[in-house]
Amino acid sequence: MITDRLYELAFQYKKTKLWEKIRNLQIFAVKLSDGRTGYISIMGDNGFCHGVCLYIGDEGYWAFRNLWKEGGCILYDLEYDKEGMELKCLQCVFEKKDMLSANEYEEIKTYTRSHGMRLAGKYAYPRFQKREPYCLPWELQTEEETDCLCQGLSAAIEMANFLEGTTRNEFYLEDMDGATVEIPMLEQKDGAYVLAKTRLPENEPPRWPEPKQYNEIAMASLKKARREGTWQCQIMRLMELVQEDPEEIPAFPAQLLAVDVKSGHILPLAPAVHYEKEPEELFNRMLEAFAQQGVCPEKVEVSDEATFAFFRALSEKLGVAVAMRDELPELEDVREDLLDMDPNPVMDEFDSLLDLLEGEQSQAKAKGRKKTANESYVISVSLGRGCYRHIRISGKCSLWDLHCAIIDAFEFDDDHAHAFFMDNVKWSDRDSYYTEAIGEGRPTTEKTRIGSVGLYKGMAFKYVFDFGDEWVFQCKVLKVETGDSGEAVVIKSKGEAPSQYGDADDEWDDE
């Protein structure tokens, strides 16, 4: 659905350099031709990743608004913070050539040749996409989406014209915060844009899917079943994309992990692909699974609002106690065993896309963390399914010390080179630290303190050891603690580590 008009507006917009005048939190609105309000965020005040995001209607506005804490700190973590995957918008983002698909590149090349254009610079290629919650960024699918994005780009170009020779404050352009009630709005009248103000939506719609219908037979069975056990539960996202139809946007399915605290029994449930639109599918599977076992939970413990909302109907219909807890230790133990922490190329691709889309916020967050001193970290280090070590280490230690702790924890010989990739992309040059012998001008693990690399709770990164055999360890920050914990110590160990040299150990022993 990409048209010449869309390319024309994209290149016109790029010439305005609006990102030099407006920060991404200084949003403004446009009245769309169908009567809806579009909210526009300008990307690129960090010097790269230029683009325009158009959030449509109240739902779009709150999807944008919920990305931010007070002061504009993005809530961004793919596995634990759902907000970072709840974007709902249309966007034009200028990318590097190697980020484009072959079809996208050919379309741009055809357009530029026919218009006598030559593209230059790293981020010179416009890419048009839609973002849906818990889905991979995808191509525009309808004429309506294309038309709306054209209107968003036109409004951005017009805002740049309005700002010529003026200041942003004349147009009420201020950073969004909890007190913001009005923003500028562009509206076409008699074929020209006029500038006014509009009030922001006041009532946030429900954020979490709640089942409204249910399998009455299964619910009736649970009413008669014995009340037994405390179950710790969490709605999770499986980090493997599912695409049931070639025309459908690839999505991350929802999975309910439910664990009986006393026995450790896991409720067998299949994931649901369309959980946001049809939460009843997963809810009914849960009812049926409990009914088949003849058990109704006496109590359910959850640690997040999304899972709490999911169980509201069970509480109202059956009187099951649902309680919020800060931590669910029994569930977390099971979760560590179930999660496959092997390198995932699809996940790396999605990480890269999100880094480009929200690079300025994630970088700002990391820079802010680097200024925090006197902290310690609990880091989960996994090597394949069901094999992990939790290591507590002081921020005053170096990455070399963390390397040594990992090697010792998995009983490997320290006889090869290593590197850390803090952006969680193997062999990335964006934020990498190598051992000094092969650093070649990069920051080295020997001279880099852990407290200086911007760790935060939930952050994932990779450690690679032995560049020949390429042992890839997946790391994730589980906790950030105040104070110096001293030398590295393994506080939890699960699973037997694989042999570093395979059968070679046995051959050596025979000699």
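Definitions and cut-offs
Residues numbered from 1 in each chain as written. Predicted model: local features only at pLDDT ≥ 70, side-chain atom pairs only at ≥ 80, totals over all residues. Heavy atoms only, no water. Salt bridge = Lys/Arg side-chain N within 4 Å of Asp/Glu carboxyl O. Buried < 20%, exposed > 50% of the residue type's maximum accessible area, 1.4 Å probe, protein only. Pairing = 2+ DSSP bridges. Helix = DSSP H or I, 4+ residues; strand = E, 2+ residues; numbered from the N terminus. Core = buried A, V, L, I, M, F, W, Y, C linked by side-chain atoms within 4.5 Å. Contact = heavy atoms within 4.5 Å. Expected span 1.5 Å × (residues − 1). Arc of directions from axis to C-beta. Axes fitted to C-alpha atoms, helices over the stretch in contact; angles between N-to-C directions. Parallel < 35°, antiparallel > 145°, perpendicular 65-115°, else oblique. Nonpolar A, V, L, I, M, F, W, Y, C, P; charged D, E, K, R; others polar. pLDDT = per-residue confidence, 0-100. Left-handed = near helix turned anticlockwise from the far one by under 90°.

Peer 1: Honestly, the pattern of salt bridges in this entry has me stumped. Any pointers?
Peer 2: Oppositely charged side chains can pair when the atoms bearing their charge come close. Tallied over the full model, the rule gives 25 salt bridges. Taking the shortest distance from any N to any O, the salt bridge between Arg-226 and Glu-228 comes out at 2.8 Å. Arg-226 sits in the partly exposed class, given a relative accessible area of 45%. Members of the salt-bridge network, linked through shared partners, are Lys-88, Lys-130, Glu-132 and Glu-145.

Peer 1: When you look at the pairing of strand S20 (residues 471-482) in this model, what are you seeing that I'm missing?
Peer 2: Consecutive residues of a regular strand have side chains that alternate between opposite faces of the sheet. Pairing analysis gives 8 bridges linking strand S15 (residues 375-382) to S20, with the strands arranged antiparallel. The partner of Ser-376 across the bridge, within S20, is Glu-481. Pairing of strand S19 (residues 460-465) with S20 involves 6 bridges; the strand directions are antiparallel. When the bridges of S20 are listed, Tyr-463 appears paired with Phe-473. A loop of 5 residues connects S19 with S20, the two strands running antiparallel in sequence, and Asp-466 in this loop sits at a positive phi of about 65°.

Peer 1: Just checking my understanding: could you explain the nonpolar core for this structure?
Peer 2: Generally speaking, a soluble globular protein has its nonpolar side chains buried in company with each other. Ranked by internal contacts, the top residues of the largest apolar core, which has 40 residues, are Tyr-13, Phe-28 and Ile-42. Among the secondary structure elements, those contributing two or more residues to this core are helix H1 (4-16), strand S1 (28-31), strand S2 (37-43), strand S3 (51-56), strand S4 (89-95), helix H3 (102-114), strand S5 (125-131) and helix H4 (143-163). Here the element with the most residues in this core is H4; it accounts for 10 residues. In contact with Phe-28, not counting residues within four places along its chain, are Ile-22, Gly-38, Tyr-39, Ile-40, Ile-42, Ala-155, Ala-156, Met-159, Leu-173, Ile-183, Pro-184 and Leu-186.

Peer 1: Sorry if this is basic, but what is going on with H3 here?
Peer 2: Each full turn of the α-helix corresponds to 3.6 residues, which orients residues three or four apart in the same direction. End to end, H3 covers 18 Å across 13 residues, agreeing with the expected 18 Å (1.5 Å per residue, within 8%). Burial in H3 covers these residues: Glu-104, Ile-108, Tyr-111 and Thr-112. Projected down its long axis, H3 shows its buried positions confined to an angular sector of 95°, all on one face. Seen from the buried face of H3, the exposed residues on the opposite side, beyond 90 degrees, are Ala-102, Asn-103, Thr-110, Arg-113 and Ser-114. Of the surrounding elements, those touching the buried residues of H3 are H1 and S5. Gly-116 sits one or two residues past H3 and shows a positive phi near 65°.

Peer 1: What should I look at first to understand the packing of H1 against H3 in this one?
Peer 2: Relative orientation and spacing of two packed helices are given, respectively, by the angle between their axes and the distance between those axes. Contact pair H1 / H3: the axes reach a minimum separation of 11 Å and the direction vectors enclose 80°. Taken together, the axes of H1 and H3 are roughly perpendicular relative to one another. Facing Asp-4, Tyr-7, Glu-8 and Phe-11 of H1, the residues of H3 in contact are Glu-104, Glu-107, Ile-108, Tyr-111 and Thr-112. Split by residue class, the contact of H1 with H3 holds 4 nonpolar, 1 polar and 4 charged.

Peer 1: Even after reading the chapter, I still don't get the sheet that holds strand S8 (residues 192-199), so can you show me in this structure?
Peer 2: Hydrogen bonds along the backbone pair up the strands of a sheet, which may run parallel or antiparallel. In space, the 8 strands of this open sheet follow the order S6-S5-S4-S3-S2-S1-S7-S8, with mixed pairing throughout. Taken across any chain shown, the strands that pair with only one partner, and hence form the sheet edges, are strand S6 (138-139) and S8. In the packing of H1 onto the sheet, contacts are made with S2, S3, S4 and S5, and the angle to S5 comes to roughly 110°. Each of S1, S2, S3, S4, S5, strand S7 (182-189) and S8 touches H4; the most contacted strand, S8, lies at about 95° to it.

Peer 1: Looking at this structure, I do not really get the confidence of the model for the protein. What am I missing?
Peer 2: Interpreting fine coordinate detail is not advised for predicted regions of low pLDDT. Mean pLDDT for the protein: 83, with 84% of residues reaching 70 or above. Taking the mean pLDDT of every element in the protein, the minimum, 35, falls on helix H13 (residues 504-510) and the maximum, 97, on strand S13 (residues 299-302). This model gives residues 340-372 a pLDDT under 50, and the stretch forms 82 contacts once residues within four places in sequence are excluded. For residues 503-511, every residue scores under 50 in pLDDT, and the model assigns this stretch 1 contact once sequence neighbours within four places are set aside.

Peer 1: So what exactly am I meant to see when it comes to the sheet that holds S13 here?
Peer 2: A sheet is described by the order of its strands in space; here 4 strands give the open sequence S11-S10-S13-S14, paired in mixed fashion. Pairing within the sheet leaves two strands with one partner each, and these edge strands are strand S11 (254-260) and strand S14 (321-324). Ignoring which end each strand starts from, the neighbouring axes of this sheet average 25° apart. Sheet analysis places strand S10 (residues 230-237) next to S13, joined by 3 bridges and oriented parallel. Considered in S13, the bridge of Thr-230 is made with Lys-299. Sitting on the sheet, helix H6 (residues 279-293) touches S10 and S11, and the angle it makes with S11 is about 30°.

Peer 1: I'm lost on the packing of helix H5 (residues 216-224) against H6 in this one. Help?
Peer 2: Following both chains from N to C, one finds H5 and H6 inclined at 40°, their axes separated by 9 Å at the closest point. Considering the angle they form, H5 stands oblique to H6. Crossing angle aside, the handedness with which H5 passes H6 is left-handed. Facing H5, whose interface residues are Ala-218, Met-219, Ser-221 and Leu-222, H6 presents Phe-283, Leu-287, Glu-288, Phe-290 and Ala-291. Of the residues contributing to the contact of H5 with H6, the split by class is 7 nonpolar, 1 polar and 1 charged.

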